[in-house]
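Here is how the chains run, residue by residue.
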Amino acid sequence: LMKFKVLSRLLAQEFKSDTPWVGISITSSGKDWPVLSEENRVGLLQLQFDDLDDRHRHLDKFILFSPEMAESVLRFVSEHLSVPLLMVHCDAGVCRSPGIAAALSRILYNEDDDFFHLFMPNRLVYRTVVQHFVDHPEFNFGELRRILSS
């Protein structure tokens with residue numbers, strides 16, 4: 001079963017794992033990505049978007065999380081589902097990365113309560129990932145979940 005580790009940018013730069021892991025690295029528009037450990041890292045997805053929601057669609061200078069980004073998250077996770085650890089980080093580790101982790105936890109394990117108790121998941125990120133999963137049956141994580149739990 002894939003476990004999730006949600007971190008800030010600073011803690012992600014210090015992150016190390018003794019087991020294989022994959023990462024989703026999130027940074028705000030105009031910022032570079034932090035240098036992450038390559039030790040035991042199997043894959044890395046880099047996304048750049050701002051911590052905003054639907055109310056901010058009219059602000060052109062910012063990048064909002066999109067269905068295309070949700071697609072890349074779901075494809076990345078489906079390709080690495082056998083890896084035991086997904087480390088996901090954003091600048092503060094409070095909204096965007098928990099939004100992705102909560103959505104993936106909902107999809108894979110039908111459970112996201114911990115993320116909403118411990119963090120403030122970005123609702124646009126969460127909704128977009130979950131909705132993209134629902135709208136695209138080719139992401140058959142339900143079948144994968146059944147296989148992994150047996």
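Above this text you will find the structure in question.
Residues numbered from 1 in each chain as written. Predicted model: local features only at pLDDT ≥ 70, side-chain atom pairs only at ≥ 80, totals over all residues. Heavy atoms only, no water.

### Some words on the nonpolar core
Then, number 1: Counting residues in hydrophobic clusters, the biggest one holds 38 residues, and the most contacted among them are Ile24, Leu47, Phe65, Leu86, Ile100 and Leu104.
Then, number 2: Where this core is concerned, the elements lending two or more residues are strand S1 (3-8), strand S2 (21-27), strand S3 (41-48), helix H2 (67-79), strand S4 (85-90), helix H3 (96-109) and helix H5 (123-135).
Then, number 3: Counting residues per element, this core draws most heavily on H3, which supplies 7 residues.
Then, number 4: What Ile100 contacts, discounting residues up to four positions off in sequence, is Ile24, Ile26, Leu47, Phe65, Val73, Val88 and Val125.
Then, number 5: Counting residues in hydrophobic clusters, the runner-up holds 7 residues, among them Leu7, Phe15, Leu36 and Met87. (Core = buried A, V, L, I, M, F, W, Y, C linked by side-chain atoms within 4.5 Å. Buried < 20%, exposed > 50% of the residue type's maximum accessible area, 1.4 Å probe, protein only. Helix = DSSP H or I, 4+ residues; strand = E, 2+ residues; numbered from the N terminus. Contact = heavy atoms within 4.5 Å.)

### Re the packing of H2 against H5
Then, number 1: With their axes 9 Å apart at the nearest point, H2 and H5 run at an angle of 70° to one another. Judged by the angle between their axes, H2 and H5 are roughly perpendicular. Across the interface between the two elements, Pro67, Ala70, Glu71 and Leu74 from H2 touch Thr128, Val129, His132 and Phe133 from H5.
Then, number 2: When its residues are assigned to classes, the contact of H2 with H5 shows 5 nonpolar, 2 polar and 1 charged. (Axes fitted to C-alpha atoms, helices over the stretch in contact; angles between N-to-C directions. Parallel < 35°, antiparallel > 145°, perpendicular 65-115°, else oblique. Nonpolar A, V, L, I, M, F, W, Y, C, P; charged D, E, K, R; others polar.)

### Focus on the packing of aromatic side chains
Then, number 1: Within this structure, the stated rule accounts for 6 aromatic pairs.
Then, number 2: Judged by centre distance (4.9 Å) and plane angle (80°), the rings of Phe15 and Trp21 are edge-to-face. Accessibility classification places Phe15 together with Trp21 in one group, the buried group.
Then, number 3: A network of ring pairs unites the aromatic residues Phe4, Tyr109, Phe115 and Phe119 as a single cluster.
Then, number 4: Across the ring face of Phe49, the terminal group of Arg96 is positioned such that the distance to the ring centre comes to 5.8 Å. (Phe/Tyr/Trp six-rings, centres within 6.5 Å; stacked < 30°, edge-to-face > 60°. Lys NZ or Arg CZ within 6 Å of the ring centre and 35° of its normal.)

### Re the packing of H2 against H3
Then, number 1: Following both chains from N to C, one finds H2 and H3 inclined at 55°, their axes separated by 12 Å at the closest point. On the basis of the axis angle, H2 is oblique to H3. Handedness of the crossing formed by H2 with H3: right-handed. Side by side, H2 and H3 meet where Val73, Leu74 and Val77 of the first sit next to Ile100, Leu104 and Ile107 of the second.
Then, number 2: Within the contact of H2 with H3, the residues separate by chemical class into 6 nonpolar, no polar and no charged. (Left-handed = near helix turned anticlockwise from the far one by under 90°.)

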